[in-house]
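Analysis of the macromolecular model
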Amino acid sequence: MVTVRFFAMLKGLAKTEIKEYDIKAPVKLDELKSLVKRDFPALEGLLESRSVLVSINQEFAGKDAVVKDGDEVGFLPPFSGG
Amino acid sequence: MSDLVRIQEKDFSIDEEVRRVSAASKGIGAVATFLGAARDFSKGETITGLSFEHYPVMAEKKLADIRERALGNFNIIEMGIVHRVGKIDIGENIVLIVAASAHRNDAFMACEWAITELKRTTPIWKSETTSKGEVWVSETP
């Protein structure tokens, strides 16, 4: 199982905070992104923009990253703390 | 260390945080602080309240990382970082950076770097309440 978490405006657009995917064998982050875009069409534009960062297990992940069973993937819109 | 870097809902005391950081060494001769507060306007809109959300664990890790890098890259003795989350009223405290060093220039530089780095790397998001409702802020100057 891979847990996907949405934050801030992404959470609002997805209308949920968490979505779980039954992923057993490792997949490329891009493949997971495609699943998320399929399930949440409202997020498509933002997930394709460079401004939304991705984390895997609370660390920033590059576009070539691989997601495996048990991982937590965060979709992080532009930060606005401070 | 855990006391020096925190994300919390409740307000903080600047005096207490400065004391906490200053307790690190009697060699501290300069303490620079940055306080971010909730202002009542943004892009021409009147703001009546703010709310902050964070990614638990990751945000704390990023703040701890900023402190570690500040200690490694600047000639400072100690640093504290506190950021509030949840609902924040206009005029209230949001974030505090405390940088302590032997001499002032190092503290000023580390403090400025740390708040810029916080805005760049820490998964914390602000929403503003205006007459049009609640809006997530997507860019920080």
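These notes cover the structure that comes with them. (Residues numbered from 1 in each chain as written. Chains lettered and ligands numbered in written order. Predicted model: local features only at pLDDT ≥ 70, side-chain atom pairs only at ≥ 80, totals over all residues. Heavy atoms only, no water.)

**A word on the overall build of chain B**
When its secondary structure is counted, chain B shows three helices and ten strands. N-terminal to C-terminal, the α/β element order of chain B is β-α-β-β-β-β-α-β-β-β-α-β-β. Whereas a compact globule of 141 residues would reach a radius of gyration of roughly 14 Å, chain B reaches 15 Å, a difference of no more than 12%. Along the longest, intermediate and shortest principal axes, the C-alpha atoms of chain B span 50 × 25 × 25 Å. Per-residue burial over chain B gives 49% buried out of 141 residues. (Helix = DSSP H or I, 4+ residues; strand = E, 2+ residues; numbered from the N terminus. Rg over C-alpha atoms; globule rule 2.2 N^0.38 Å. Buried < 20%, exposed > 50% of the residue type's maximum accessible area, 1.4 Å probe, protein only.)

**A few points about helix α2 (residues 29-39) of chain A**
By the burial criterion, the buried members of α2(A) are A:Leu29, A:Leu32, A:Lys33, A:Val36 and A:Lys37. Looking straight down α2(A), one finds its buried side chains confined to an arc of 140°; they lie on one side. (Arc of directions from axis to C-beta.)

**Considerations on the environment of A:Leu13**
With respect to the element layout, A:Leu13 can be found in helix α1 (residues 8-14). Leave out the neighbours within four places in its chain, and A:Leu13 touches A:Ala42, A:Leu43 and A:Leu46. (Contact = heavy atoms within 4.5 Å.)

**A look at the packing of helix α2 (residues 58-73) of chain B against helix α3 (residues 104-121) of chain B**
Residue and element names in this part refer to chain B. Where α2 contacts α3, the two axes come as close as 10 Å, and the packing angle between them is 145°. Seen from above, α2 lies across α3 with right-handed handedness. Contact with α2, carried on its side by Lys62, Leu63, Ile66, Arg69 and Ala70, involves Trp113, Ala114, Glu117, Leu118 and Thr121 of α3 and no other residues of that element. Taken together, the residues of the contact of α2 with α3 sort by class into six nonpolar, one polar and three charged. (Axes fitted to C-alpha atoms, helices over the stretch in contact; angles between N-to-C directions. Left-handed = near helix turned anticlockwise from the far one by under 90°. Nonpolar A, V, L, I, M, F, W, Y, C, P; charged D, E, K, R; others polar.)

**Considering the side chain of B:Glu17**
Residue and element names in this part refer to chain B. Positionally, Glu17 belongs in helix α1 (residues 14-22). Residue Glu17 is classed as buried on the basis of its relative accessible area of 5%. Every residue in contact with Glu17, bar those within four places of it in the chain, is listed here: Arg6, Phe12, Val82, Leu96 and Val98.

**Brief notes about the environment of B:Lys10**
If you trace the backbone, B:Lys10 turns up in the loop between β1 (5-8) and α1. Spatially, the C-alpha atom of B:Lys10 lies 23 Å from that of B:Thr116, the residues being 106 residues apart in sequence.

**Describing the pattern of salt bridges**
Within this structure, the stated rule accounts for 19 salt bridges over all chains. Among the salt bridges present, the one from A:Asp39 reaches A:Arg38, with a minimum N-O distance of 3.0 Å. For B:Lys62, the salt bridge is made with A:Glu59, and the minimal N-O distance between the two is 3.7 Å. Of the two residues, B:Lys62 is situated in helix α2 and A:Glu59 in strand β5 (residues 59-60); the pairing between them involves two chains. Within the structure, one salt-bridge network assembled from shared partners comprises B:Asp3, B:Arg6, B:Glu17 and B:Arg20. (Salt bridge = Lys/Arg side-chain N within 4 Å of Asp/Glu carboxyl O.)

**Overview of the interface of chain B and chain A**
Contact with chain B, which involves 26 residues of that partner, is made by 19 residues of chain A. When the two sides are added together, the surface that chain B and chain A hide from each other amounts to roughly 1900 Å², 59% of it contributed by carbon and sulfur. Of all residues in chain B, B:Tyr55, B:Met58 and B:Trp125 bury the most surface against chain A, accounting for 33% of the area lost on that side. Counting every contact that joins chain B to chain A gives three salt bridges. For the interface between chain B and chain A, the tally reads twelve residue pairs in polar contact (both at pLDDT 80 or more). (Buried area = accessible area lost by both parts, 1.4 Å probe. Polar contact = N/O pair within 3.5 Å; in protein donor to acceptor, adjacent residues only side chain to side chain.)

Read these as layout, nothing more, since geometry by itself doesn't imply function.
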